[in-house]
Amino acid sequence: MGTTKKFKKIGVVTTGGDCPGLNAAIRAVVRTGIYHGMEVTGILQGYEGMIKGEFVRLGSHSVSNILQRGGTILKTARSEAFKTVEGRKKAYDNLVKEGIEALVVIGGDGSFKGIEQFSREFPITSVGVPKTIDNDIFGTDYAIGFDTALNTVIQVIDKIRDTADSHNRLFFVEVMGRDAGMIAIYSGIASGAEAVLIPETETKIEQIVKILDRGWERKKSSMIVIVAEGDVAGGAYEIALEVKARFNQYDTRVSVLGHMQRGGSPTCNDRVLASRLGVAAVQALIEGRTNEMVGVINNEISHTSYSDVVKGKKEFPYQLLKIAEILSL
Ligand code: ATP
């Protein structure tokens, strides 16, 4: 690796919603920074902490024993103040005062919009690391947190299947995904759901009823419909009510999984992904890169400009819908 840029001190921040694997990414950034002879400062509470000047020195030891822990030792937040130029000016002044010459921003789409705006106004060097359980960030095949969220979801659905099967019940299980059906479709295939309802496609109640009728005729002892929370037909409760009015062969129940999907110890895949991306982010800074997000495409480290990340639309794997349909017979 040809070293072209040397920083005395870099900063690392986690911003936006939390997810498992953030600590593994923080650890990777800190250790890579130290490996290259730099000091690393943690910024607390996302962009809000940058505005308030909440900084903490991160030595190698400070990130010991965090790799396997969910959440983020730096905390995270959403910051309305960072959306104002006054807020961003304060943030910049604090970074200068603290001697932070470059930043690693571990965040989602919104965080990259924020840092892109910030770097248009102030001379700040930064590289982004993608995290979101929804896995809908353009410029990477996988974002930190997705794999762990999926594993949490399928463990719960397996349990729901046990009880549903014992009582001959139909369950509507709502999973996270306001705009993206990635958790729904992956967990649907992995748990053998009868139907998967996602925001990317139109949901027709008659079609769900048709699938459930077919299951009833085949004497299925339980059925599970996965609903992404952002489905246009409504959440799991609304859809269950509409379906029940037309299909009432089974005792119907609803389970909304909620925030458990954001917590827990990261899976091996998320730990390795977070470690790779954390290392790649610091290396990118050293190589003189800025205003880019590191990602993994076809298992290789990739670099995508913030403007492409926020403008781009990640393609939904529509072929997985067909797989779910074929296998739910
Ligand atoms: P998640 O996937 O969990 O939503 P995210 O990074 O997309 O993560 P957001 O809350 O959308 O989370 O964004 C994080 C923060 O980035 C916001 O709280 C805000 O401070 C900042 N931000 C977002 N959009 C902008 C913008 N257009 N201009 C300036 N700052 C922004």
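These numbers were taken from a predicted model, which means no experiment stands behind them.

Asker: Hey, could you run me through the nonpolar core in this one?
Answerer: Most often, soluble globular proteins keep nonpolar side chains buried together rather than apart. In terms of nonpolar packing, the biggest core is built from 60 residues, with Ile10, Val104 and Ile183 touching the most fellow members. Considering each element in turn, this core owes the most residues, nine residues, to helix H9 (residues 268-286). Mapping this core onto the domain boundaries places at least three of its residues in each of domain 1 (9-145 + 266-311) and domain 2 (147-262). Setting aside anything within four residues of it in sequence, one finds Ile183 in contact with Ile133, Asp134, Phe146, Ala149, Leu150, Val153, Val175, Met176, Gly188 and Gln261. Residues Ile51, Phe82, Val105 and Ile115 belong to the second largest nonpolar core, which totals 23 residues.

Asker: Can you walk me through the pairing of strand E1 (residues 9-14) in this structure?
Answerer: When you tally the buried positions in E1, you get six out of six residues, the bulk of the element. Judged by which residues are buried, E1 turns out to be covered on both faces: Lys9, Gly11 and Val13 on one side and Ile10, Val12 and Thr14 on the other are all buried. Both E1 and strand E2 (residues 39-43) contribute to a ladder of five bridges, which runs parallel. Looking at E2, one finds that Val12 is bridged to Gly42. In terms of handedness, the path from E1 via helix H1 (residues 22-35) over to E2 forms a crossover that is right-handed. Summarising the sheet, E1 and strand E4 (residues 102-107) pair through five bridges and their orientation is parallel. Across the sheet, residue Val12 finds its bridge partner in E4, namely Val104.

Asker: So what exactly am I meant to see when it comes to the packing of aromatic side chains here?
Answerer: Centre distance and the angle of the planes are the two values used to describe a pair of aromatic rings. Enumeration according to the criterion identifies ten aromatic pairs in this entry. Ring geometry for Tyr142 against Phe146: centres 6.3 Å apart, planes inclined by 20 degrees, an arrangement best described as stacked. The rings of Tyr47, Phe82, Tyr92, Phe118 and Phe122 are connected pair by pair, giving a single aromatic cluster.

Asker: Even after reading the chapter, I still don't get the domain arrangement of the chain, so can you show me in this structure?
Answerer: Many analyses report the size of an interface as the accessible area lost when the parts associate. Taken domain by domain, the chain consists of domain 1 (9-145 + 266-311) and domain 2 (147-262). A separation of 34 Å is found between the C-alpha centroids of domain 1 and domain 2. With 14 residues of domain 1 in contact, the opposing surface of domain 2 contributes twelve residues. Of the roughly 1,100 Å² buried between domain 1 and domain 2 on both sides combined, carbon and sulfur atoms contribute 50%. Joining domain 1 to domain 2, the criterion identifies zero salt bridges. At the surface where domain 1 touches domain 2, the tally comes to eight residue pairs in polar contact (both at pLDDT 80 or more). Across the side of domain 1 that touches domain 2, the residue classes tally to five nonpolar, five polar and four charged.

Asker: I tried to follow the packing of helix H3 (residues 85-98) against helix H4 (residues 109-121) on my own but got confused; where do I start?
Answerer: In helix packing, the relevant descriptors are the interaxial angle and the interaxial distance, both defined with respect to the helix axes. Viewed as axis vectors pointing N to C, H3 and H4 meet at an angle of 75 degrees, and their least axial separation amounts to 11 Å. In terms of orientation, H3 lies roughly perpendicular with respect to H4. In contact with Val85, Arg88, Ala91, Tyr92 and Leu95 of H3, H4 contributes Gln117, Phe118 and Glu121. Within the contact of H3 with H4, the residues separate by chemical class into five nonpolar, one polar and two charged.

Asker: Honestly, the site of the ligand in this entry has me stumped. Any pointers?
Answerer: As a structural note, the neighbourhood of the ligand is formed by 16 residues, with Arg78, Ser79, Gly108, Gly110 and Ser111 the closest of them. One of the backbone N or O atoms of Asp109 is found 3.4 Å from an oxygen atom in the ligand. In the environment of the ligand, an oxygen atom lies 2.8 Å from a nitrogen or oxygen atom belonging to the backbone of Gly110. Contact with the protein chains hides 79% of the accessible area of the ligand, taken as 620 Å² for the molecule alone. With five residues, the single largest contributor to the shell around the ligand is H4. Here the residues of the shell around the ligand sort into two nonpolar, eight polar and six charged.

Rules of the game
Residues numbered from 1 in each chain as written. Predicted model: local features only at pLDDT ≥ 70, side-chain atom pairs only at ≥ 80, totals over all residues. Heavy atoms only, no water. Core = buried A, V, L, I, M, F, W, Y, C linked by side-chain atoms within 4.5 Å. Buried < 20%, exposed > 50% of the residue type's maximum accessible area, 1.4 Å probe, protein only. Helix = DSSP H or I, 4+ residues; strand = E, 2+ residues; numbered from the N terminus. Domains from an automatic or database assignment. Contact = heavy atoms within 4.5 Å. Pairing = 2+ DSSP bridges. Right-handed = clockwise from strand over helix to strand, strands pointing away. Phe/Tyr/Trp six-rings, centres within 6.5 Å; stacked < 30°, edge-to-face > 60°. Buried area = accessible area lost by both parts, 1.4 Å probe. Salt bridge = Lys/Arg side-chain N within 4 Å of Asp/Glu carboxyl O. Polar contact = N/O pair within 3.5 Å; in protein donor to acceptor, adjacent residues only side chain to side chain. Nonpolar A, V, L, I, M, F, W, Y, C, P; charged D, E, K, R; others polar. Axes fitted to C-alpha atoms, helices over the stretch in contact; angles between N-to-C directions. Parallel < 35°, antiparallel > 145°, perpendicular 65-115°, else oblique. Near = heavy atom within 4 Å. Areas by Shrake-Rupley, 256 points an atom, 1.4 Å probe, with all protein chains shown as cover.

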